[in-house]
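Take a look at the letters that make up each chain.
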2 protein chains.
Amino acid sequence: MALCTVYTTHALHSTCSVSTQTKKHLAFHQWQVFFCTHNNKITRNSRCSEISFATGDAKTVVIGLAADSGCGKSTFMKRLTSVFGGAAEPPKGGNPYSNTLISDTTTVICMDDYHSLDRTGRKEKGVTALDPRANNFDLMYEHVKAIKDGVAVEKPIYNHVTGLLDPPELIQPPHILVIEGLHPMFDPRVRELLDFSIYLDISNEVKFAWKIQRDMAERGHSLESIKASIEARKPDFDAYIDPQKQYADAVIEVLPTQLIPDEDEGKVLRVRLVMKEGVKYFSPVYLFDEGSTLTWIPCGRKLTCSYPGIKFSYGPDTYFSHEVSVLEMDGKFERLDELIYVENHLSNLSTKFYGEVTQQMLKHSDFPGSNNGTGLFQTIVGLKIRDLYEQILADSKVESPLQASKAQGSTVL
Amino acid sequence: MALCTVYTTHALHSTCSVSTQTKKHLAFHQWQVFFCTHNNKITRNSRCSEISFATGDAKTVVIGLAADSGCGKSTFMKRLTSVFGGAAEPPKGGNPYSNTLISDTTTVICMDDYHSLDRTGRKEKGVTALDPRANNFDLMYEHVKAIKDGVAVEKPIYNHVTGLLDPPELIQPPHILVIEGLHPMFDPRVRELLDFSIYLDISNEVKFAWKIQRDMAERGHSLESIKASIEARKPDFDAYIDPQKQYADAVIEVLPTQLIPDEDEGKVLRVRLVMKEGVKYFSPVYLFDEGSTLTWIPCGRKLTCSYPGIKFSYGPDTYFSHEVSVLEMDGKFERLDELIYVENHLSNLSTKFYGEVTQQMLKHSDFPGSNNGTGLFQTIVGLKIRDLYEQILADSKVESPLQASKAQGSTVL
């Protein structure tokens, strides 16, 4: 029997409408109470807010995903939500320019929505979107904390088309909240709220190759302008975005291949999954022998890979003074049998059945990176997050109902 | 019930003594009949010979081991016989300069005993011991064939001290006959008789380092004279010894380490075990994933190796147009836990119990190469030979008694 504390509207000095809708929240029911506040800092513009009283032991697990723009965060998010079984879609009936993705279990919000300056404002002040001064970390923190505490928030929307801040949208506490964008690990208070954090680290060479492909081939930009835009962005990127990777529990590094000399089109990639050791609920994937240093070219007698083949590396290392395990894949998959063969030799994948990684990769074979380490490692990280979520849930179930109710009560305050 | 054919002394036109001694030969009994011949080519100097009628399915398995002098053949042989459980010793009560080693199961004979020219003879004719003209391959073939057929032989003895050919010694057909020396795979007829063949391939650098250590440090030779002796030996070695490796089922290559730059004292070695694919009764050892290409540094979180550590490599390759698997170990073991950890990760070792390789290595920790790949791979090859022998034995047991008796009869003729 789960307990929860319901606060009256009176206590909050607000006008309120109380909804009695219930919905299945894992095996537990969730009572949702709408109320409005004027002075509550949780909402940006004193709009109506929703408090979700997650009964029992349901808890929002918060994941941070940091990367530069155009580095595959949205693909990653689609892979992550797919692991949980549902498709991720923008909020129904809301602002068509919403940056949010919602699936049965997971809500992905974009940290661009916490820009404090719109495009004009940034231009006037001469700051980029990468600059912390263009972002409202207080609000970001308060929102993430509220959601983690089971409290819905009204989050602003940064409209990437107009460059303006649109009216906010309601974000209800999901099972898993992913905060993705430029700065999810920048603010120490926000960082503290993260149950797991990931940094997508695209090397300059690959970033450049990708930009050329997208902006030159698809958007008709000139090589000069692409170079100039990357150069202009670099100082702020190096100052504010890149340093976040030291806090990440997992880093996916995307580098040029070492299998083909001078390959610089970014078509064959060397991808490294850097996994921090000693992170609660996270047990790094390994190849053959945990803690040893290995290379593995699975192509041979049993598997014939086409040129340039596939090469895996695995081993312990240090990353910003942290002990880590690194799994690396250089090359690309051509066929299903290569993928299942590789999956078969990786351990600690947190799959629920034999071949789940391969199944996930095949399901989204049209996503970018499905034939290389970006897709493979994003899928693996997705599985690890599911595992982490389930362990947190299981742990919270072990707590006594009294403790759970106390914890529940305190989160609402 | 086993059958055998016994020939009378009369039929061989010789005076004979018949022994009725019986001894346990696996699960079968062996009747041994002594007889003497004058014209039988089997003996070199028309001495008495012994025919063993191995009843049932006991069969002599013949192994060839080729290598240059001073390359560790005798250590290898001690490791091999140890795998079968018995100590190898020179024939009791015989010539103290015998080159033969006998254990319960295995007899090792040295191909130097088939020198057709003694030291003086070679000097006179200006040929080295490596030159086929200094060796009697006809006799070698006939003896090996006879032993394989269950017939004892009187083998000459080359006295390494005097450089003379001493009176012969009696060699009875053992379970396993190892013919070791410079030319066991030189003659195609002898090669054809081998059930398994091994070549110890010591690189020039290591050979040089070893010779310096032995001949300079221990025997007081000058560096100049060592160099001169190696140089003088090289043309014949390259012409007659080295080419045999193309016929070997397993090659143990001993090379300088790649872990320490410019290490040339031969103290740290890189040893490669080249195993031919498709050899009946021989299934190559592999590391983690059969047929893939791998490197493995077992030193890491679970095992802390001292400098320069240990590095294994494994993978498919070709060797003289044959498909092979190559297992390589660079570096040296410091402690037992390193050895057992390595053994634990190798597959197809043909051990009979967990840790048998380690146990064998520890048992002979005073043998040269016990802390590196030479000892490890010699031990492994020993286990593979035991396995090969047991498979051959099992196969021959499957033959019908009639077939077995026919085969037996024909070998004596």
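Preceding block: the structure.
First, a word on what this report is: a plain description of the structure on this page. (Residues numbered from 1 in each chain as written. Chains lettered and ligands numbered in written order. Predicted model: local features only at pLDDT ≥ 70, side-chain atom pairs only at ≥ 80, totals over all residues. Heavy atoms only, no water.)

1. What about the overall build of chain A?
Moving on, step 1. In terms of regular secondary structure, chain A is built from 10 helices and 17 strands.
Moving on, step 2. Looking at the 413 residues of chain A, the share that counts as buried comes to 55%.
Moving on, step 3. When contacts within chain A are restricted to residue pairs at least 6 apart in sequence, long-range pairs at least 24 apart make up 65% of them.
Moving on, step 4. Total accessible area on chain A is roughly 18,100 Å²; 53% of this is exposed by carbon and sulfur atoms. (Helix = DSSP H or I, 4+ residues; strand = E, 2+ residues; numbered from the N terminus. Buried < 20%, exposed > 50% of the residue type's maximum accessible area, 1.4 Å probe, protein only. Contact = heavy atoms within 4.5 Å. Areas by Shrake-Rupley, 256 points an atom, 1.4 Å probe, with all protein chains shown as cover.)

2. Overview of unusual backbone geometry
Moving on, step 1. Along the chain, Tyr307 of chain A connects to Pro308 of chain A via a cis peptide bond; the corresponding omega equals 0°.
Moving on, step 2. One can find Pro308 of chain A in the loop between strand S14 (293-297) and strand S15 (310-319).
Moving on, step 3. At Asp262 of chain A, a residue that is not glycine, the phi angle is positive and equals roughly 60°.
Moving on, step 4. Considering the arrangement of structural elements, one finds Asp262 of chain A in the loop between strand S11 (250-256) and strand S12 (269-276).
Moving on, step 5. Despite not being glycine, Tyr281 of chain B shows a phi value in the positive range, around 70°.
Moving on, step 6. By the secondary structure assignment, Tyr281 of chain B is in the loop between strand S12 (269-276) and strand S13 (286-287).

3. Quick word on helix H8 (residues 356-363) of chain A
Moving on, step 1. The set of residues buried in H8 of chain A consists of Glu356, Val357, Thr358, Gln360 and Met361 of chain A.
Moving on, step 2. If you follow the buried residues of H8 of chain A, they end up packed against helix H1 (73-83), helix H7 (336-345) and helix H9 (373-398) of chain A.

4. Topic: the state of the cysteines
All names here are of chain A.
Moving on, step 1. According to the stated counting rule, one finds two disulfides over all chains in the structure shown.
Moving on, step 2. Covalently, Cys299 is tied to Cys305 through a disulfide, its sulfur atoms 2.0 Å apart. Across the disulfide from Cys299 to Cys305, rotation about the S-S bond amounts to roughly -95°, and the bridge is consequently left-handed. (Disulfide = S-S within 2.5 Å.)

5. A short note on the environment of Thr318 of chain B
Moving on, step 1. By the secondary structure assignment, Thr318 of chain B is in strand S15 (residues 310-319).
Moving on, step 2. C-alpha separation for the pair Thr318 of chain B and Val274 of chain B, spaced 44 residues apart in sequence, amounts to 9.4 Å.

6. Regarding the interface of chain A and chain B
For an interface, size is often stated in terms of accessible area lost upon the parts coming together.
Moving on, step 1. In this complex, chain A contributes 24 residues to the contact, which on the side of chain B involves 24 residues.
Moving on, step 2. Across the interface of chain A and chain B, roughly 1,700 Å² is buried in total on both sides, 40% from carbon and sulfur atoms.
Moving on, step 3. By the criterion of area lost to chain B, the three top residues of chain A are Asp289, Thr293 and Arg301 of chain A, representing 35% of everything that side buries.
Moving on, step 4. Our count for the chain A to chain B interface comes out at five salt bridges.
Moving on, step 5. Glu277 of chain A serves as the salt-bridge partner of Arg301 of chain B, at 3.3 Å between the closest nitrogen and oxygen. (Buried area = accessible area lost by both parts, 1.4 Å probe. Salt bridge = Lys/Arg side-chain N within 4 Å of Asp/Glu carboxyl O.)

7. Observations concerning the environment of Asp118 of chain B
Residue and element names in this part refer to chain B.
Moving on, step 1. Mapped onto the elements of the fold, Asp118 is located in the loop between strand S6 (106-110) and helix H2 (119-125).
Moving on, step 2. Given the relative accessible area of 22%, Asp118 is considered partly exposed.
Moving on, step 3. Residues Asp118 and Ala134 lie 16 residues apart in sequence; the distance between their C-alpha atoms is 8.0 Å.
Moving on, step 4. Filtering out sequence-adjacent residues up to four positions away, Asp118 remains in contact with Tyr158, Gly163, Leu164 and Leu165.

8. As for the relation of the copies chain A and chain B
Moving on, step 1. Placing chain A over chain B gives an RMSD of 0.0 Å and needs a rotation angle of 180°, together with 0.0 Å of translation along the axis. Taken together, the rotation angle and the small translation identify this as a two-fold axis. Among all residues of chain A, the minimum C-alpha distance to the rotation axis is found for Thr295 of chain A, at 2.5 Å.
Moving on, step 2. A share of 100% of the interface residues of chain A reappears at the interface of chain B, consistent with the copies meeting face to face through the same patch. (Least-squares fit on C-alpha atoms with pLDDT ≥ 70 in both.)

9. Focus: the pairing of strand S4 (residues 61-66) of chain B
Residues and elements named next belong to chain B.
Moving on, step 1. Where burial is concerned, most of S4 is hidden: six out of the six residues are buried.
Moving on, step 2. The pairing of S4 with strand S9 (residues 176-181) spans six bridges and is classified as parallel. Among the inter-strand pairings, Val62 is bridged to a residue of S9, identified as Leu177.
Moving on, step 3. As judged from the four bridges shared by S4 and strand S10 (residues 196-202), these two strands associate in the parallel manner. (Pairing = 2+ DSSP bridges.)

10. Brief notes about the side chain of Glu343 of chain A
Residues and elements named next belong to chain A.
Moving on, step 1. As for its placement among the helices and strands, Glu343 is situated in helix H7.
Moving on, step 2. No salt bridge is formed by the buried Glu343; the nearest opposite charge belongs to Arg386, separated by 9.1 Å.
Moving on, step 3. A polar atom in the side chain of Glu343 sits 3.0 Å from the backbone nitrogen of Val357.
Moving on, step 4. Glu343 has contacts with Leu349, Thr351, Gly355, Glu356, Val357 and Thr358, leaving out every residue within four places of it along the chain. (Lys, Arg positive; Asp, Glu negative; His and termini not counted. Polar contact = N/O pair within 3.5 Å; in protein donor to acceptor, adjacent residues only side chain to side chain.)

11. What about the packing of aromatic side chains?
Moving on, step 1. Per the stated rule, a full pass over the model turns up 17 aromatic pairs over all chains.
Moving on, step 2. Ring centres of Phe186 of chain B and Tyr240 of chain B lie 6.4 Å apart, and the angle between their planes is 70°; this geometry places the pair in the edge-to-face category. Of this pair, Phe186 of chain B sits in the loop between S9 and helix H4 (188-193) while Tyr240 of chain B sits in helix H6 (residues 223-241); the two residues are 54 residues apart in sequence, bridging distant segments of the chain.
Moving on, step 3. Overall, Phe186 of chain B belongs to the partly exposed group, its relative accessible area being 29%.
Moving on, step 4. Geometrically, the ring pair formed by Tyr319 of chain B and Phe320 of chain B is edge-to-face, given 4.9 Å between the ring centres and 80° between the ring planes.
Moving on, step 5. Accessibility expressed as a relative area gives 44% for Phe320 of chain B, which makes it partly exposed.
Moving on, step 6. An aromatic cluster is built from Phe288, Trp296, Phe312 and Tyr341 of chain A together with Phe288, Trp296, Phe312 and Tyr341 of chain B, whose rings are joined through pairwise contacts.
Moving on, step 7. The side chain of Arg191 of chain B reaches across the aromatic face of Tyr247 of chain B, ending 3.5 Å from its centre.
Moving on, step 8. Residue placement shows Lys207 of chain B over the ring face of Phe237 of chain B; its charged tip is 3.7 Å from the ring centre. (Phe/Tyr/Trp six-rings, centres within 6.5 Å; stacked < 30°, edge-to-face > 60°. Lys NZ or Arg CZ within 6 Å of the ring centre and 35° of its normal.)

12. Some remarks on the side chain of Asp249 of chain A
Residue and element names in this part refer to chain A.
Moving on, step 1. Inspection of the secondary structure puts Asp249 in the loop between helix H6 (223-241) and S11.
Moving on, step 2. Buried and unpaired, Asp249 has Lys276 as its nearest opposite-charge partner, separated by 4.2 Å.
Moving on, step 3. In contact with Asp249, not counting residues within four places along its chain, are Asp195, Phe196, Ser197, Val274, Met275, Lys276, Val279 and Phe282.

13. Remarks on helix H3 (residues 137-148) of chain B
Residue and element names in this part refer to chain B.
Moving on, step 1. With 12 residues, H3 extends 16 Å between its outermost C-alpha atoms, agreeing within 8% with the 16 Å of an ideal straight helix rising 1.5 Å per residue.
Moving on, step 2. Within H3, nine of the 12 residues are buried, leaving the element largely enclosed by the surrounding structure.
Moving on, step 3. Of all the residues in H3, the buried ones are Phe137, Leu139, Met140, Glu142, His143, Val144, Ala146, Ile147 and Lys148.
Moving on, step 4. The N-cap of H3, judged by a side-chain oxygen 3.3 Å from the amide nitrogen of Asp138 a few residues on, is Asn136.
Moving on, step 5. Just past H3, the residue Gly150 takes up positive phi, approximately 90°. (Expected span 1.5 Å × (residues − 1).)

14. Thoughts on the pattern of salt bridges
Moving on, step 1. Under the defined criterion, the tally for this structure stands at 47 salt bridges over all chains.
Moving on, step 2. Where Lys234 of chain B meets Asp238 of chain B, a salt bridge forms, and the shortest distance between an N and an O atom there is 2.8 Å. Residue Lys234 of chain B and its partner Asp238 of chain B are both found in helix H6; the two are separated by four residues, about one turn of the helix.
Moving on, step 3. Exposure remark for Lys234 of chain B: the relative accessible area of 28% places this residue in the partly exposed category.
Moving on, step 4. Of the charged contacts in the structure, one is a salt bridge between Lys352 of chain B and Glu390 of chain B, with a shortest N-O distance of 2.9 Å. With Lys352 of chain B in the loop between strand S17 (346-347) and helix H8 (356-363) and Glu390 of chain B in helix H9 (residues 373-398), this pair connects stretches of sequence that are 38 residues apart.
Moving on, step 5. Residue classification places Glu390 of chain B among the partly exposed positions, given a relative accessible area of 33%.
Moving on, step 6. Among the charged side chains, a network of salt bridges with common partners joins Glu253, Arg270, Arg272 and Glu328 of chain A.

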